[in-house]
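# Geometric and topological summary
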Amino acid sequence: MAEELKRLSILERLGYERIEGFSEERKVGILISLLALMIVAAAIAISLGVYEISVIDVYNITLAHLSPLGDTSAVNRLYDTIVWELRVPRILLAITVGVALATSGAVFQGCFRNPLVEPYILGVSSGAAFGASLGIVYPQFFLSIQVSAFVFGSVAVALAYILARTRDETPIVTLILAGVIIGSVFSALVSIMKYISNDSALREIVFWLMGGFYYASWKDVALVSPVVIASFLVLWFFGWKLNILSMGDEEARTLGVSPEKYKFLLISIATLITSLAVSTVGIIAWVGLMMPHAARLLLGPDHRFVVPAAAMLGGTYLIVCDTLARTLTSAEIPVGIITSILGAPYLFYLLRTRGRAIFG
Amino acid sequence: MLRVRDLHFSYGKKPVFEGVSFEVEEGELCGLFGPNGCGKTTLFKCCLKFLKFHRGSVVMNGIDITDHRIEKMAKLVAYVPQEHKPPFPYLVKEVVLMGRTPHLRGVFGIGRKDKERALNALEVLDIGHLADQPYNQLSGGQRQMVLMARAIAQDTKIMFLDEPTSALDFSNQIRIWEIMRRVAEEGVTILACSHDPNHVSWFCNKVVVMNRNGIVAEGAPHHVITEQVLDEIYQGVCTVRSLGGTRMVMPKVVADKESDEISIESRVGMRRAAAVR
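Since we're looking at a predicted model, the values are computed, not measured. Here the residue index of a chain counts from 1 through its sequence in written order. Each chain gets a letter, beginning with A, and each ligand a number, beginning with 1, in the order they are written. Under the rules for a predicted model, residues below a pLDDT of 70 receive no local features and side-chain atom pairs below 80 are neither given nor counted, while totals for whole chains, interfaces and linings still include all residues.

Each helix and strand counted, chain A has 15 helices and zero strands in total. A radius of gyration in this sense is built from C-alpha atoms; the matching globule rule multiplies 2.2 Å by the number of residues raised to 0.38. Here the C-alpha radius of gyration of chain A, 21 Å, is about what a compact globule of 360 residues would show, namely 21 Å. Principal axes of the C-alpha set define a box for chain A whose edges measure 65 × 65 × 40 Å. Considering chain A as a whole, with its 360 residues, one finds that 46% of them fall into the buried category. By the convention adopted here, residues are in contact when the distance between their C-beta atoms, placed from the backbone, does not exceed 7 Å. In chain A, the share of contacts with a sequence separation of at least 24, taken over all contacts with a separation of at least 6, comes to 74%. Every helix listed is a DSSP run of H or I at least four residues long, and every strand listed is a run of E at least two residues long, numbered separately from the N terminus. The burial label depends on the number of other C-beta atoms within 10 Å of a residue's C-beta. Counts of 20 or more mean buried, 12 or fewer mean exposed, and intermediate counts mean partly exposed, with C-beta atoms placed from the backbone.

We now examine the pairing of strand β10 (residues 214-219) of chain B. Residues and elements named next belong to chain B. For two strands to be treated as a pair, DSSP must find at least two bridges joining them. Where strand β9 (residues 206-211) and β10 come together, five bridges link them in antiparallel fashion. Its bridge partner being in β10, V209 is matched across the sheet by A217. Hairpin connection between β9 and β10: a loop of two residues separates the two successive antiparallel strands.

Residue and element names in this part refer to chain B. Each assigned domain of chain B is listed here: domain 1 (2-222) and domain 2 (237-277). One C-alpha centre belongs to domain 1, the other to domain 2; they are set 39 Å apart. Counting residues at the interface gives four residues for domain 1 and four residues for domain 2. In the scheme used here, Gly and all other residues not listed as nonpolar or charged are polar, with Ala, Val, Leu, Ile, Met, Phe, Trp, Tyr, Cys and Pro taken as nonpolar and Asp, Glu, Lys and Arg as charged. Class assignment of the residues belonging to the side of domain 1 that touches domain 2 gives a composition of one nonpolar, three polar and no charged. The split of the chain into domains comes from an automatic or database domain assignment.

Residue and element names in this part refer to chain B. Read from one edge to the other, the open sheet built from four strands follows the order β2-β1-β4-β5, with strand pairing classed as antiparallel. With one partner strand each, in any of the chains shown, β2 (14-24) and β5 (63-64) form the two edges of the open sheet. Note on method: axes are straight lines fitted to C-alpha atoms, helices fitted across the in-contact stretch only, with angles between N-to-C directions ranging 0 to 180 degrees. The sheet strands contacting helix α1 (residues 40-47) are β1 (2-11), β2 and β4 (55-60), and the helix crosses β1 at an angle near 115°.

Residue and element names in this part refer to chain B. The buried fraction of β9 amounts to five of the six residues, a majority that puts the element mostly inside the structure. Pairing of strand β3 (residues 29-33) with β9, which is carried by four bridges, proceeds in the parallel orientation. Each bridged residue has a counterpart across the sheet, and for F33 the counterpart in β9 is V209.

Attention shifts here to the interface of chain B and chain A. Listed as interface residues are 32 residues of chain B and, on the opposing side, 28 residues of chain A. Element by element, the count of residues in the side of chain B that touches chain A is highest for helix α2 (residues 70-76) of chain B, at five residues. A breakdown of the residues in the side of chain B that touches chain A according to their chemical character gives 19 nonpolar, five polar and eight charged.

Moving on to the environment of T246 of chain B. Residues and elements named next belong to chain B. By the element assignment, T246 lies in strand β12 (residues 246-251). Residue T246 is classed as exposed on the basis of its 10 C-beta neighbours within 10 Å. It is 36 Å that separates the C-alpha atoms of T246 and V96, two residues lying 150 residues apart in sequence.

What follows is about helix α9 (residues 227-234) of chain B. All names here are of chain B. Taken together, the buried positions of α9 are occupied by V229, L230 and I233. Within α9, the buried residues cover an arc of 95° as seen down the axis, which keeps them to one side. Looking at the buried residues of α9, the elements they touch are α7 (197-203), β9, β10, α8 (221-224), β11 (238-243) and β12. Among the residues trailing α9, Q235 stands out with phi positive, at a value near 45°. The arc refers to the directions leading from the helix axis to the C-beta atoms.

Residue and element names in this part refer to chain B. Spatially, the six strands line up as an open sheet ordered β6-β7-β8-β3-β9-β10, and their pairing is mixed. Each edge of the open sheet is held by one strand with a lone partner, namely β6 (77-80) and β10. Across this sheet, the average inter-strand angle for adjacent strands is 15°, counted without regard to direction. In this structure, β6 lies alongside strand β7 (residues 158-162), joined through four bridges in parallel fashion. Within the sheet, the bridge partner assigned to Y79 lies in β7 and is F160. Where helix α5 (residues 140-154) meets the sheet, it contacts β6 and β7, and its direction lies at approximately 175° from that of β6. Contacting β9 and β10, α9 crosses the sheet at an angle of about 160° to β10.

Take a look at the structure:
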């Protein structure tokens, strides 16, 4: 009881006001526990791996790096490399990608007023896949696979948006159709690349398409995480506006939220982080579709809560899937396969049990 | 408060209305009345800047709406659409709270006052018991009441209501009209379209009658809802009677049958009376 009072007073000092009938403390509590869950999952994941290192060693190494007084020279060099250079950046990247995909999934579903939309609907994934395969087949022409994937992923969405725009308006149905069209064009282009590539390049393209964190490094984390975190905060900030947008264009207008302006802004940011995530780790399905559903199930449809909850669930989910991917067998399984195999039954379960509540 | 001048609008080449003009004074409850497909909703959408009209002007609160920014418009005018269904199961209180959006400021935005206003609006309509139910699982009539509450929570000087009573039961229809009258008495200007000639003639201060050629009549209800005007838009379907001093619009068929029955009854009655004697 005393603890609850203390928590409330902290919130109130931050500008939060409570009123009978609008119980948001419970939702804030759930958000905090989701954050805790993600941290716990990350902590467990560090200590798991094919190469056996004792839990105590793992935490000694992590603490040595994290605390300013820590001394890293005292620890075993091999252990240090495995934990600090391989596992930690990999887990951080998994969190980042999970946050990016789940957040943009929630934003896309809100903007498109459709709970079955995922962040790849406007062709990001096919565009990025084409970019990546270009980079793989013609390494001499492209800076890196990642840059080329990012550029083509963004180009695909921009094309879809331009195609769909008529007389200063972007009707949702046209936009989705344009996304499907652009997506299929780029898929065909990917097939061409597969057709003309040699065996090793083909193998690499196929692996890229299945997605995975095999090459995660601190460089990736440093590049992707700040952008994703900043974008996530911006999108969270617009949570209430997203509620209004999801009521439809005319409603949004009468409530003073310009649908054209805000949809463009939100979709652009969501595309940016999706594109970054895809270009770094390949195509990972289901996270962007499923996590917003799970968040809505826990907290209701208010996007001020759905966006952060989906983000943390996405991070947690990818930590779990990636840990399975690297520990289940001695060879790595592409994480995209695991997210799909675990995700499909979950969505099926949702449809059969809670379908009405979620889909109306 | 609301002045529409010489408004022209067409979808592509098909004109919807040409040269529509009317005025609504501050605190007036004005009914917009006309047959299906005559462009009432389109007129609303032009006034609310959902559609761009080709010629004419709409002036609200002394300012031409083409100069109004969308955020400013939302503080001035609220809109109750014909009922619709959002894809996500927002709770009723959340939907009503959305009405406060134009007034929100700061990072945390939604403060105690906004939440109180939302709950008050629910109480005004006497639907506080629905507050915690998912909006998209309510009946059509209940959803209309919720949208009305949202418009009240929006706290604007002008309200546009597109057939606010179309899905309501009899008692709720009357309740909504009563509430609109109360809101108008507090100084809010209301334009509501309706298909019931009796409702507009009983409850409105002013009625604007429209058909496919534009405005047919405009003025106080007893001047406007007359057999002559109704004949012009409904081609001889209605008749206007007076019932204990209150004007009633009735279908001619019913009115004729009624008078037949009355005469039959009275004849039967007379015969009985004669028999008793």
